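Residue strings, one per chain:
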Amino acid sequence: MDCVNLSDAELLRLVREGGDPSFAALNELEQRHFHAVRIFATMSSVGSPAAAQLAYQSWEEALRHLVDGSAAGAIRPCVLSSVLRTASGWMRSGQRFSLHPDLAAWIDANGPVMLGNTATAGFRRPSLVARAFAGLPHRRQTILWHQRVERDDCALTGRLISTGPGEVNVLTGRIQGELFHSYIQILQDGMPYECSRFQSLVPAYADARSADIAAVLTPHLERCPRCSQAVADLTRLRHDCGTLLAESVLPWGGPEYAARGIDAGPTRELFAPRAGIPAAPQNRSLPPAVHTPEILPPDPHVTAGHGVHRPAAGRGRHASLNASGAGARAKGKRRADLVVRGTAVAGVCAVAAAFAFVGDFDKDGEPQSKEQATPPAEAPPPASKSPSPSRTKASPTGGSTASKTKSRPPKPSPTRTRPSPPSQSDVGNAAVAWLFNSVDGDGVTPDSSDNDKDGTLFGASRPTSVEGDALAFDGTQFVASSGPLVDTGSSFSVSARVKLDRTDVSQTVVSQDASDSSGFQLQYDADDSRWEMRIPEEDTDDADGDADEAVSLSDAEAGEWTQLTGVYDDAADEVRLYVDGRLGETAEREQDFGSDGRFVVGRGLSDNEFFQGLQGTVDNVKAFGRALTSAEARALARES
């Protein structure tokens with residue numbers, strides 16, 4: 001099948017559908033975009049062998065996730081940002097010294113890059129430029145990136161979206177204007193009160209630098225970093241759009257990549273059959289350790305026509321997100337993996353380095369009105385399952401304390417004695433309480449427990465306030481603390497009120513990050529159509545590993561408000577789940593481990609990737625450093 005004249009979107013559709021056309025489509029995608037991945041991988045590593053391996057691993061993960069829908073947006077920026085995601089994995093796997101020293105230092109300072117999120121795992125906030133670009137439709141992202149960052153000619157860019165060069169030329173300036181106004185809208189939507197009276201002056205001053213405006217605005221800019229940055233960004237969007245876009249989407253190496261585009265000129269070899277990979281031009285800002293890639297001999301395992309050696313790739317990453325961006329537990333191999341890996345042509349973007357590319361993929365489900373779900377009838381819990389014989393116990397919460405192995409002596413047969421019920425219906429002493437009744441201009445929601453454990457909203461577009469006291473999530477957004485809020489190595493409880501927009505995919509309501517996956521998940525499991533309080537049996541990088549799971553007695557329903565309370569009772573060796581105050585099934589748990597990552601609403605973590613994003617609405621999230629009783633769980637349900 002001749003795929004040369006198909007757009008990138010049409011090629012991805014053919015790959016998703018499978019069959020013989022998918023082979024030609026994958027080959028064409030590689031012809032168009034792999035050379036850029038190789039160039040950026042060369043800038044990010046030391047030596048040609050490392051550059052080749054980094055490029056191929058990044059490309060394979062990239063295409064796999066674009067095909068299965070867990071990443072979205074224009075292909076070129078997606079596959080380039082995959083290099084930073086793969087480099088983050090190398091930092092954990094002993095390949096640190098194969099990376100450019102500046103990149104290794106950047107990952108140390110900012111945290112590893114994660115899939116499907118708008119910041120690194122260190123929660124470096126996305127720039128407004130990145131958020132504005134992510135809000136553009138995919139075709140517009142493609143035009144703007146290739147015209148302003150890559151500096152391709154209009155004919156090449158037009159073939160990526162199946163349009164003529166004349167239309168590309170006309171649209172480029174228009175789309176740049178759309179990006180400018182999208183930035184202004186995001187800026188004004190999040191403006192603090194003290195900045196709101198200057199909201200029309202900031203873009204006007206960036207455009208005209210009028211002396212009259214300066215007299216009024218300058219005193220404010222001197223004391224407001226946010227508005228001062230906005231003036232600088234808006235000015236660069238008019239006059240230096242390509243470099244600004246590159247450094248926003250690629251938070252490490254972006255300016256150097258854009259400068260490489262100036263030195264090298266348009267990538268005219270984009271659609272030419274390759275005998276090898278084009279060399280990356282030397283950049284004066286890069287140290288001598290960065291080498292130009294070699295043209296490597298053919299490898300028999302590479303698809304015919306791809307005359308480049310394919311180094312042995314690392315272990316495949318966990319692909320857990322479905323086509324709309326929400327996580328779903330992988331019970332078997334995905335067709336996307338079979339297609340992409342079976343052709344030996346790489347797969348899809350595994351990470352958005354500075355932001356999650358969201359565009360015009362449809363998202364199922366509309367916001368629902370708040371209706372209290374009917375509580376299920378209470379039933380006696382069934383027999384608990386046997387725990388895993390060996391786990392680790394971490395030191396108490398309070399920083400990045402490393403977990404250590406600890407053997408707990410055998411406990412006497414538990415009597416399952418419950419503490420006395422509280423004298424009041426109010427449940428106090430919460431470690432954190434995010435009621436979502438206010439969000440400031442920087443996307444921070446306050447902690448109503450007076451413990452100063454505020455949460456920060458993340459997403460290419462942030463979670464949306466609903467009726468002023470809840471947040472709606474679209475599957476790519478989340479709210480996170482700056483550190484752990486509960487000690488999962490001892491008793492703790494979490495609660496939330498949630499309404500799902502859909503029930504065909506698994507979704508995480510509340511979790512806390514461990515080393516590479518979640519230390520616990522209060523979640524919906526689409527395979528069983530039940531709510532779960534899930535705690536892994538050991539600290540592993542795979543969220544689908546063995547776990548102790550307390551589950552609901554009845555199915556979850558879309559569009560219905562439900563109050564969930566998950567409890568780990570260390571003294572009773574028990575995991576419990578309450579749905580609308582009613583106790584469900586329980587699970588035994590005798591040993592445990594601590595998790596010292598972020599406390600998160602709206603996603604889980606698996607293999608350091610965004611996992612099981614929530615599509616629904618949440619409010620009244622609370623956490624406690626103790627095991628709540630059944631009476632307290634009922635009180636929380638009444639309060640919500």
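Refer to the structure printed above.
Counting restarts for each chain: residues are numbered from 1 in the order of the written sequence. Owing to the predicted nature of the model, reporting of local features is limited to residues with pLDDT of at least 70; listing and counting of side-chain atom pairs is limited to 80 or more, with chain, interface and lining totals taken over all residues. For side-chain calculations, the full set of non-hydrogen atoms in the structure is used, while hydrogens and water are omitted.

A. Spatial organisation of the nonpolar core. In plain words, nonpolar cores are sets of buried Ala, Val, Leu, Ile, Met, Phe, Trp, Tyr and Cys residues tied together by side-chain atoms within 4.5 Å. Note on classification: 1.4 Å probe, protein chains only; a residue is buried when its accessible area is under 20% of the maximum for its type, exposed when over 50%, partly exposed between these limits. In this structure, Leu179, Tyr183, Leu237 and Leu245 are the most contacted members of the largest nonpolar core, which totals 86 residues. Each helix is a run of DSSP H or I of at least 4 residues and each strand a run of E of at least 2, with the numbering of both proceeding from the N terminus. Broken down by element, the residue count for this core peaks at 10 residues, all from helix H2 (residues 20-44). In terms of nonpolar packing, the next biggest core, distinct from the first, is built from 37 residues, Phe436, Val579, Phe599 and Val621 among them.

B. Structural context of helix H3 (residues 48-68). The span expected for a helix works out to 1.5 Å for each residue beyond the first. In this model H3 runs 30 Å from its N-terminal to its C-terminal C-alpha over 21 residues, within 8% of the 30 Å that 1.5 Å per residue would give. Burial within H3 is extensive, with 19 of its 21 residues counted as buried. Taken from the residues just after H3, Gly69 is the one with a positive phi, measuring 90°.

C. Main features of the state of the cysteines. For the purposes of this analysis, a disulfide is any pair of cysteine sulfur atoms at a distance within 2.5 Å. Enumeration over the complete set of coordinates arrives at zero disulfides. The structure places no disulfide on Cys195, whose sulfur is separated from the nearest cysteine sulfur, that of Cys224, by 3.6 Å. Taking the relative accessible area as the measure of exposure, Cys195 reaches 2% and is therefore buried.

D. Here's a closer look at unusual backbone geometry. Unusually for a residue other than glycine, Ser529 sits at a positive phi of about 60°. Within the chain, Asp580 stands out as a residue other than glycine whose phi angle is a positive 55°. Mapped onto the elements of the fold, Asp580 is located in the loop between strand S13 (574-579) and strand S14 (582-583). The buried category is assigned to Asp580, whose relative accessible area is 9%.

E. Spatial organisation of a negative patch on the surface. In this analysis, a patch consists of residues with relative accessible area above 30% that form no salt bridge, clustered at 9 Å for like charges and at 5 Å for the nonpolar side chains Val, Leu, Ile, Met, Phe, Trp and Tyr. What sets the accessible areas is the Shrake-Rupley method with a 1.4 Å probe; for residues, cover comes only from the shown protein chains. Any carboxyl oxygen of Asp or Glu within 4 Å of a side-chain nitrogen of Lys or Arg constitutes a salt bridge here. Only four residue types enter the charge count, namely Lys and Arg as positive and Asp and Glu as negative; His and the chain termini do not. By convention, the charge on Lys lies at NZ, on Arg at CZ, on Asp at CG and on Glu at CD. On the surface, a cluster of negative charge is made up of Asp440, Asp450, Asp452 and Asp454. Inspection of the secondary structure puts Asp450 in the loop between strand S2 (444-445) and strand S3 (455-458).

F. Representation of the pairing of strand S12 (residues 561-569) in the model. S12 sits mainly inside the fold: nine of its nine residues count as buried. Along S12, one buried face is formed by Trp561, Gln563, Thr565, Val567 and Asp569 and the opposite face, lined by Thr562, Leu564, Gly566 and Tyr568, is buried too. Any two strands with at least two DSSP-identified bridges between them are counted as paired. Across six bridges, the pairing between S12 and S13 is antiparallel. In the sheet register, Leu564 faces S13, and the bridge partner there is Val579. Counting the residues that bridge the hairpin from S12 to S13 gives four residues, and of these Asp573 lies at a positive phi of roughly 55°.

G. Structural detail: the packing of helix H7 (residues 138-149) against helix H14 (residues 241-249). The N-to-C vectors of H7 and H14 enclose an angle of 115°; their axes lie 8 Å apart at closest approach. Here H7 runs over H14; the crossing is left-handed. Contacts from Leu144, Trp145, Arg148 and Val149 in H7 reach Cys241, Gly242, Leu245, Ala246 and Val249 in H14. When residues are grouped by polarity, Ala, Val, Leu, Ile, Met, Phe, Trp, Tyr, Cys and Pro land in nonpolar, Asp, Glu, Lys and Arg in charged, and all others, Gly among them, in polar. When grouped by side-chain class, the residues that make up the contact of H7 with H14 number seven nonpolar, one polar and one charged. Simply put, an axis is a line fit to the C-alpha atoms, just over the touching stretch for a helix, and the angle between two N-to-C directions goes from 0 to 180 degrees. Each crossing is labelled by how the near helix is turned from the far one, with a counterclockwise turn of less than a right angle marking it left-handed and a clockwise turn marking it right-handed. Only heavy atoms enter the contact rule, under which two residues are in contact if any of them lie within 4.5 Å.

H. Geometry of the packing of aromatic side chains. Within 6.5 Å between ring centres, the rings of Phe, Tyr and Trp (the latter by its six-membered ring) count as paired, and their orientation is classed by plane angle as stacked under 30 degrees, edge-to-face over 60, tilted in between. Enumeration over the complete set of coordinates arrives at 11 aromatic pairs. Seen from their ring centres, Phe34 and Trp59 are 6.0 Å apart, and the 80° between their planes marks the pair as edge-to-face. Within this pair, whereas Phe34 is found in helix H2, its partner Trp59 is found in helix H3, the two being separated by 25 residues in sequence. The class for Trp59 is buried, based on a relative accessible area of 1%. Measuring from centroid to centroid gives 5.1 Å for Phe492 and Phe520, while their planes differ by 45°, and the two rings are tilted. You can see Phe492 sitting in strand S7 (residues 492-500) and its partner Phe520 sitting in strand S9 (residues 518-525), a full 28 residues away along the chain. By the burial criterion, Phe492 is buried, and Phe520 matches it. Linked through ring pairs, Trp434, Phe492, Phe520, Tyr568 and Phe599 together constitute an aromatic cluster. Definition used: whenever NZ (Lys) or CZ (Arg) falls within 6 Å of the ring centre and also within 35 degrees of the ring normal, the charge is taken to sit over that ring. A cation over an aromatic ring shows up here: Arg238 above the ring of Phe180, its NZ or CZ 3.7 Å from the ring centre.

I. Structural view of the sheet that holds strand S10 (residues 530-536). Reading across the sheet, the eight strands line up as S2-S3-S6-S16-S8-S9-S10-S11 and stay open at both edges, with antiparallel pairing between neighbours. Both outer strands of the open sheet, S2 and strand S11 (547-551), are each paired with one neighbouring strand and no more. In terms of strand pairing, strand S6 (residues 478-480) meets strand S16 (residues 599-601) through two bridges, oriented antiparallel. Counterpart to Ala480 in the pairing with S16 is Val600.

J. Structural context of the pattern of salt bridges. Counted according to the given criterion, the structure contains 20 salt bridges. Across the pair Arg96 and Asp108 runs a salt bridge whose closest N-O atoms are separated by 2.5 Å. Highlighted residues: Arg96 in the loop between helix H4 (75-92) and helix H5 (101-110) and Asp108 in helix H5, separated in sequence by 12 residues. Among the residues examined, Arg96 registers a relative accessible area of 29% and is labelled partly exposed. You can call Asp108 partly exposed: its relative accessible area is 48%. For the salt bridge of Glu574 with Arg576, the shortest nitrogen-to-oxygen distance reads 3.0 Å. The pair formed by Glu574 and Arg576 is uniform in burial state, with each residue classed as buried.

The analysis is restricted to geometry; functional conclusions fall outside its scope.
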